[in-house]
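For reference, the chains in residue letters:
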Amino acid sequence: MLRWITYGLSGGLSKALAGMLLLFATGAAADRVHILALGDSLTQGYGLIEQEGFVPQLRTWLTERGHDVRIVNGGVSGDTTAGGLARVDWSLTPEIQAMIVTLGGNDLLRGIDPAVSRDNVEGILKVAEARGLEVLLIGMQAPGNYGPEYKAAFDALYPELAQDYGTLYLESFFAGLTRDGEAPADLRTFMQGDGIHPNAQGMARIVGAVGPMVETLIERVAD
């Protein structure tokens, strides 16, 4: 009889303990923030081994600062703003709560009309707005070889759309590469041979600039 009672209590305690562990596990999963990084080769990590890419380095940066975050690498090498718009809807799986959007570099390489790029980026932001997602929009600046009108139109589309849709905004993916007191030639130290894509050291600098903005993005999700 005593053995039966002890067994019954043990079984009950086991069930209670299992319930508590399940509750804690569910709570931990609920606290995790899921972010989609939608972009091109810069996001994808072109020319780098996996752990040196933007998404892994950013995840490590955030984890070291106490954030429980999952970042989905939605970078596709060669993608334009049109490509991003075409795939954003199915890329946003149900658990995604926020997006980092870094697109437009390939639009520049192809000389795409800034009005077209603007419509595409706005389309992505509309999808995010409809789903109630927070967004960090990362801009870029056009070179001068397309003329001043093209450059002005392209450069303006990111800050203007960020304001219109209430997103977080960072002026350039490469913002972290420029530091006071460093000559422009020094930047070659942080780039791969093509002069377009950052190397691992350059990506670490980029993450150092993007990371605090992503922390703010996480705070917005939590609120």
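Given the structure is predicted, the values throughout are model-derived calculations rather than measurements.

Turning next to the overall build of the protein chain. The secondary structure content of the protein chain amounts to 8 helices and 5 strands. In the protein chain, the succession of helices and strands from N to C terminus is α-β-α-α-β-α-β-α-α-β-α-β-α. Among the 223 residues that make up the protein chain, the fraction classed as buried is 43%. Put simply, of all contacts in the protein chain between residues at least 6 apart along the chain, 80% involve residues at least 24 apart. Summed over all atoms, the accessible surface of the protein chain reaches about 11,800 Å², with 57% contributed by carbon and sulfur.

Turning our attention to the sheet that holds strand S3 (residues 98–102). Pairing within the open sheet is parallel, and its 5 strands lie in the order S2-S1-S3-S4-S5. Two strands close off the open sheet at either side, each with one partner strand: strand S2 (69–75) and strand S5 (168–170). Averaged over all pairs of adjacent strands, the angle between their axes in this sheet comes to 15°, without regard to strand direction. Looking at chain direction, strand S4 (residues 134–138) and S5 are connected through 3 bridges and run parallel. Each residue of the ladder has a partner; that of leucine 136, found in S5, is leucine 168. Each of strand S1 (33–39), S2 and S3 is contacted by helix H4 (residues 81–91), which is oriented at about 160° to S1, the strand it contacts most. Sitting on the sheet, helix H6 (residues 114–130) touches S1, S3 and S4, and the angle it makes with S4 is about 160°.

If you look at the biggest cluster of nonpolar residues, it comprises 29 residues, and the most contacted ones within it are Ile35, Phe54, Leu136 and Val214. When residues of this core are traced back to their parent elements, those giving at least two are S1, helix H3 (54–63), S2, S3, S4, S5 and helix H8 (200–222). A per-element tally of this core places H8 first, with 7 residues. Setting aside residues up to four positions removed in sequence, valine 214 forms contacts with Ile35, Leu58, Leu62, Ile100 and Leu136. The next biggest cluster of nonpolar side chains, apart from the first, holds 26 residues, and it includes Ala142, Tyr158, Leu161 and Tyr165.

About the thresholds
- All residue numbers refer to position in the chain's written sequence, counted from 1.
- Side-chain atom pairs in this predicted model are given and counted only at pLDDT of 80 or more, local residue features only at pLDDT of at least 70, and totals for whole chains, interfaces and linings cover all residues.
- In computing side-chain values, all of the structure's heavy atoms are included and hydrogens and water are not.
- Secondary structure elements are taken from DSSP: a helix is a run of H or I of four residues or more, a strand is a run of E of two residues or more, and numbering for both begins at the N terminus.
- Accessibility here uses a 1.4 Å probe with only protein chains present; expressed as a share of the type maximum, an area under 20% marks a residue as buried, one over 50% as exposed, and anything in between as partly exposed.
- Contacts are assigned to residue pairs with any non-hydrogen atoms lying within 4.5 Å of each other.
- The Shrake-Rupley method, run with a 1.4 Å probe sphere, supplies the accessible areas, and residue values consider only the shown protein chains as cover.
- Only strands that DSSP links by at least two bridges are regarded as paired with each other.
- Axis definition: a line fitted to C-alpha atoms, limited for helices to the stretch in contact. Angles are taken between N-to-C directions and run from 0 to 180 degrees.
- Definition used in this section: a nonpolar core is a set of buried Ala, Val, Leu, Ile, Met, Phe, Trp, Tyr and Cys residues joined via side-chain atoms within 4.5 Å.

Bear in mind that shape data such as this cannot, by itself, settle questions of function.
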